[in-house]
Amino acid sequence: MIRFDSVSKRYPEGREALIDISFAVAAGEMLFVTGHSGAGKTTLLKLIALIERPSHGTLEVHGRSLARMKHREIPRLRRDLGMVFQDHRLLMDRSVADNVALPLVIAGVPHEERGQRVRGALEKVGLVGRGKDAPSSLSTGEQQRVGIARAIVARPALIIADEPTGNLDPQLSEEIMQLFVKLRETGCTILIASHDLPLLKRMKQRVLVLDHGHLIDDVPASQVA
Amino acid sequence: MNMQDAMAKPVRHSRMAMWRRQHAWCLRDSLRQLARRPLGTALTIAVMGSALALPLAFYLLLVNVQHLATALGDSQSVSVFLKQNVDARGANELAGTLRARSDVGAVTVRTPQQGLGELAAMQGFGDAIRSLPENPLPFALLVEPRAGTDRVQVAAMVRAVRAMPGVDLVQDNGQWRARLDALVALGRRVTLLLAVLLGTAAVLVIGNTVRLDIRSRADEIAVQQLIGASAAFVRRPYLYEGAWYGLAAGIVAVLLVLLLEAVLAVPVRDLVASYAGRLHFGGLPWVTLVIALAVAVALGWCGAWIASSRYLARLGNSG
Ligand SMILES: Nc1ncnc2c1ncn2[C@@H]1O[C@H](COP(=O)(O)OP(=O)(O)OP(=O)(O)O)[C@@H](O)[C@H]1O
Ligand SMILES: [Mg+2]
């Protein structure tokens, strides 16, 4: 599903955020990326969505090589991808339901089906009945969950989430993680960036550890303790 | 269908249906954006509407001057005023000479009494004429060139008549018509120039409005692109926005011109009455108004297209 091959990323006027990263993720796998702040977690996710292009190396997503992907092919790639952003990226001047519906609008899903799917997604993140509210009237944790609902609403085969539980209390974090586990049971591949070590230990899933842009460890699920 | 089923079904639909639904959404979205700042929207529409009304108003005037020209000068007649000392017999003899010419069709003799009667019938001349001690008007001949003669031949005929004994003054009415035609041609150019200039202005005004709108919504565009919106999708609401502006401005322009027609109708009706039905004031035909509307929509779309092209080109370079 995802394959990194000696990938490096240097920002235009910065030091290298990722250095010679290689790993592969099979379809249907769930794994975490962890590391200190500034280790390169967000950068790694951005490469997968082609928000940034790699400076060196090749990477593949869905069997498509991203290194030379044309600009106009990027929307297709992103439509097959559910993304949860560290800063949620909600449209503050639109209702919660409109935010969640946006991927469906872009995909051209009929109006009635849209409503149904949005309700379903809001139900999953525990925000039933908040559809008409403005995102600004929600707590940070609730906004984060709207972002998750938007990422899962179109049933993408791959979900990448950047600190999806960053602003949630332990119990909500647990619920959100269980939601990801359930999604994974439907065949979804899930990649989550998180520095919440206790949570990683409880989840017992494969973990990639980044340190100053280097991939220093790739711990299989069986060895997470 | 329960929630689980709805969630489990993958998103896949026919391209056509998908496209139609995206358009419906963008159409609503663009209207929403316009309604969000009613004052700015109204102002832009008013400016663009007035700009478009001006060439339409010019066109309206032009069309009616053209009517006037047709009504006044469709004859190429030449008026020949004879010297004071020529009497009825002399006038008839001269009329006979003229009728014999190959380039002359009909000749009518007008007596001084007929001329005075016509003058008296005109508004304001009655009193002045009654106070005259004697009839100051000479005999006159109204010469119609033979059908098919052109301006050059008529001019030659006028020169010949001018040289005849007993002829005092020759007035070529056709020349008047030629001048009016030249004036109408000039008016047509001015109208066209105005339409092009103000049409360009309209494109720029809308382009700028849409550009500002795109800039103020840069965050939203970024999010849309992050979750897979194509460039065409991102652009569409703005194109519709431009088209709405164009449509609204077109309607304003058409209403202004209809208002102008209504205001002009009364004085022109009086003028028409004095010409005994030979002249009629016409509003612009509805086809012209519909075309004007369509052009306005196209201009709005065009302005939005230019503005969004530039923005998306910048995105293309940075992304
Ligand atoms: N747009 C950018 N331009 C320049 N440098 C950047 C940019 N984004 C990130 N960096 C740098 O790249 C490095 C990795 O950043 P990244 O955001 O991937 O870290 P992170 O692991 O997600 O950190 P955090 O846990 O704080 O979110 C950092 O040194 C950062 O300063
Ligand atoms: Mg980060």
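Residues numbered from 1 in each chain as written. Chains lettered and ligands numbered in written order. Predicted model: local features only at pLDDT ≥ 70, side-chain atom pairs only at ≥ 80, totals over all residues.

1. A look at the domain arrangement of chain A
Residues and elements named next belong to chain A. Taken as a whole, chain A is organised into domain 1 (1-80 + 156-225) and domain 2 (91-155). Each partner contributes to the interface: domain 1 provides 12 residues, whereas domain 2 provides 13 residues. Going through the elements one at a time, strand S7 (158-162) and helix H6 (170-185) are the ones with two or more residues in the side of domain 1 that touches domain 2. Per-element accounting of the side of domain 1 that touches domain 2 gives the leading share, five residues, to H6. Considered class by class, the residues forming the side of domain 1 that touches domain 2 number nine nonpolar, one polar and two charged. (Domains from an automatic or database assignment. Contact = placed C-beta atoms within 7 Å. Helix = DSSP H or I, 4+ residues; strand = E, 2+ residues; numbered from the N terminus. Nonpolar A, V, L, I, M, F, W, Y, C, P; charged D, E, K, R; others polar.)

2. Some points on the pairing of strand S1 (residues 2-10) of chain A
Residues and elements named next belong to chain A. Taken together, the six bridges between S1 and strand S2 (residues 16-25) define a ladder with antiparallel strand orientation. When the bridges of S2 are listed, Ile-2 appears paired with Val-25. Here S1 folds back onto S2, and the loop between the two strands holds five residues. Sheet analysis places S1 next to strand S4 (residues 56-61), joined by five bridges and oriented antiparallel. Across the sheet, residue Asp-5 finds its bridge partner in S4, namely Thr-58. (Pairing = 2+ DSSP bridges.)

3. Here we look at the environment of Val210(B)
All names here are of chain B. Summarising the element assignment, Val-210 is placed in helix H8 (residues 173-216). When the 25 C-beta atoms within 10 Å are taken as the criterion, Val-210 is described as buried. For the pair Val-210 and Thr-191, spaced 19 residues apart in sequence, the C-alpha to C-alpha distance is 28 Å. Those residues in contact with Val-210 that lie beyond four places of it in its chain are Tyr-238, Glu-241, Gly-242, Gly-303, Ala-304, Ala-307 and Ser-308. (Buried ≥ 20, exposed ≤ 12 C-beta atoms within 10 Å, placed from the backbone.)

4. Some points on the site of ligand 1
As a structural note, the neighbourhood of ligand 1 is formed by 13 residues, with Tyr11(A), Ala17(A), Ser37(A), Thr42(A) and Thr43(A) the closest of them. Looking at the shell around ligand 1, the element that brings in the most residues is helix H1 (residues 41-48) of chain A, giving three residues. (Near = placed C-beta within 6 Å.)

5. What to know about H6(A)
Residue and element names in this part refer to chain A. Under the 1.5 Å per step criterion, the end-to-end length of H6 is 23 Å for 16 residues, consistent within 8% with the ideal 22 Å. Residues of H6 that are buried include every one of Ser-173, Ile-176, Met-177, Phe-180 and Leu-183, and no others. What you see down the axis of H6 is that its buried residues fit within an arc of 110 degrees, all on one side. Those residues of H6 that are exposed and aimed more than 90 degrees away from the buried face are Gln-171, Gln-178, Lys-182 and Glu-185. Against strand S3 (30-35), helix H5 (140-152), S7, strand S8 (189-193) and helix H7 (197-203) lie the buried residues of H6. (Expected span 1.5 Å × (residues − 1). Arc of directions from axis to C-beta.)

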